[in-house]
Amino acid sequence: SQIIELENQISDLETLNDSNIQMLKNMVRQLYMFGENPGIKIILGNDNVSEYDRYMTYYQILAEQRKEIISNIAKNQTELRNSKQYLERKKTELSELRTEYDRNLGSLNKERTQRKFMEDALQSNINNEKQQLKKQEDALKELEELPCPPDVHQKIMDIIQKLR
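Residue numbering note: each chain is counted from 1, following its sequence as written. Residue-level local features of this predicted model are given only where pLDDT is at least 70; pairs of side-chain atoms are given and counted only at 80 or more, and the full residue set underlies all totals for whole chains, interfaces and linings. Side-chain figures throughout are based on the complete set of non-hydrogen atoms in the structure, without hydrogens or water.

1. Comments concerning the overall build of the protein
Here is step 1 of the chain: Helix and strand labels come from DSSP, where a helix needs a run of H or I of at least four residues and a strand needs a run of E of at least two; each type is numbered from the N terminus. Each helix and strand counted, the protein has four helices and zero strands in total.
Here is step 2 of the chain: Listing the helices and strands of the protein from first to last along the sequence gives α-α-α-α.
Here is step 3 of the chain: Burial classes follow relative accessibility: with a 1.4 Å probe on protein chains only, a residue under 20% of its type's maximum area counts as buried, one over 50% as exposed, and anything between as partly exposed. Per-residue burial for the protein yields a buried fraction of 13% across its 164 residues.
Here is step 4 of the chain: We call two residues in contact when some of their heavy atoms are within 4.5 Å. Look at the contacts in the protein between residues 6 or more apart in sequence, and 72% of them connect residues 24 or more apart.
Here is step 5 of the chain: Note on areas: these come from Shrake-Rupley sampling with a 1.4 Å probe, and a residue is covered only by the protein chains present in the view. In the form shown here, the protein has an accessible surface area of approximately 13700 Å², with 54% of it arising from carbon and sulfur atoms.

Next comes the structure, spelled out in structure tokens:
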């Protein structure tokens, strides 16, 4: 979302920059229509001082606006360049984070696979041990049920108790 905001900000700055450049072009066109040096034309072309003063005020206002527009264009272009550089840095950081994420995810999946393999092997060993224990218990029951002399029977029972 931060990248989208930056792209929107860059688009807004480009639009503002284009608008300011268009205004400057219009002002330059108007000055061209006035002639090469409108200030001198105004001074030499008027006998009336109050009219001269009014034209000079207009000319000064236009010059100040032109200066402000040029300043805004320069400022917007600097801000636009900085925003584009910042956006590129953020895209690079995002790409690096994505690469690291993918690498970590790969390692995690590998570890999960190894863990599953180990769990399966352990469960297989447990099942084998249970089967062996069951066979031994069955064999002991068979031994307990065999007819034998009482003293041998007692020795077998003692051994069985020790094994349990």
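2. Observations regarding a nonpolar patch on the surface
Here is step 1 of the chain: By definition, no residue in a patch forms a salt bridge, and every one has over 30% relative accessible area; like charges are joined within 9 Å, nonpolar side chains (Val, Leu, Ile, Met, Phe, Trp, Tyr) within 5 Å. Criterion for a salt bridge: a side-chain nitrogen of Lys or Arg within 4 Å of a carboxyl oxygen of Asp or Glu. Taken together, Y101, L105 and L108 make up a surface patch of nonpolar side chains, about 250 Å² in accessible area.
Here is step 2 of the chain: Inspection of the secondary structure puts L108 in helix 3 (residues 49–145).

3. Section: the nonpolar core
Here is step 1 of the chain: Here, the term nonpolar core denotes a set of buried Ala, Val, Leu, Ile, Met, Phe, Trp, Tyr and Cys residues that are joined through side-chain atoms within 4.5 Å. In terms of nonpolar packing, the biggest core is built from five residues, these being L6, I10, L13, L80 and L87.
Here is step 2 of the chain: Of all the secondary structure elements, the ones that give two or more residues to this core are helix 1 (2–34) and helix 3.
Here is step 3 of the chain: Top element by residues in this core is helix 1. It accounts for three residues.

4. Comments concerning the environment of L140
Here is step 1 of the chain: Checked against the element boundaries, L140 lands in helix 3.
Here is step 2 of the chain: A residue is classified by how much of its surface remains accessible, and L140, at 17% relative accessible area, is buried.
Here is step 3 of the chain: Once the C-alpha coordinates of L140 and M157 are considered, the two residues, 17 residues apart in sequence, prove to be 9.6 Å apart.

5. Side note on the confidence of the model for the protein
Here is step 1 of the chain: On average, the protein scores 81 in pLDDT, and the residues at 70 or more come to 86%.
Here is step 2 of the chain: Looking across the protein, the model is least confident in helix 2 (residues 38–45), with a mean pLDDT of 54, and most confident in helix 3, with 88. Confidence per residue, as judged by the predictor, is encoded in pLDDT with a range of 0 to 100.

6. Remarks on the side chain of N17
Here is step 1 of the chain: Structurally, N17 can be placed in helix 1.
Here is step 2 of the chain: Using a relative accessible area of 7% as the deciding quantity, one classes N17 as buried.
Here is step 3 of the chain: Discounting chain neighbours no more than four positions away, the residues touching N17 are I73, N76 and Q77.

7. Regarding helix 4 (residues 150–163)
Helical geometry note: an α-helix holds 3.6 residues per turn, so side chains three or four residues apart project in the same direction.
Here is step 1 of the chain: Along its 14 residues, helix 4 runs 20 Å from first to last C-alpha, staying within 8% of the 20 Å computed at 1.5 Å per residue.
Here is step 2 of the chain: Burial runs low along helix 4: only one of the 14 residues are buried. Helices are assigned an expected span. That span is 1.5 Å times one less than the residue count.

8. Some details on the pattern of salt bridges
Here is step 1 of the chain: Enumeration according to the criterion identifies seven salt bridges in this entry.
Here is step 2 of the chain: With its nearest N and O atoms 3.2 Å apart, the salt bridge here joins K84 to E14. Note that K84 is positioned in helix 3 and E14 in helix 1, a separation of 70 residues in sequence.
Here is step 3 of the chain: Residue E14 is classed as partly exposed on the basis of its relative accessible area, which comes to 31%.
Here is step 4 of the chain: Salt-bridge contacts for R98 lead to D102; the nearest nitrogen and oxygen are separated by 3.7 Å. With R98 and D102 both in helix 3 and four residues apart, the pair spans about one turn of that helix.

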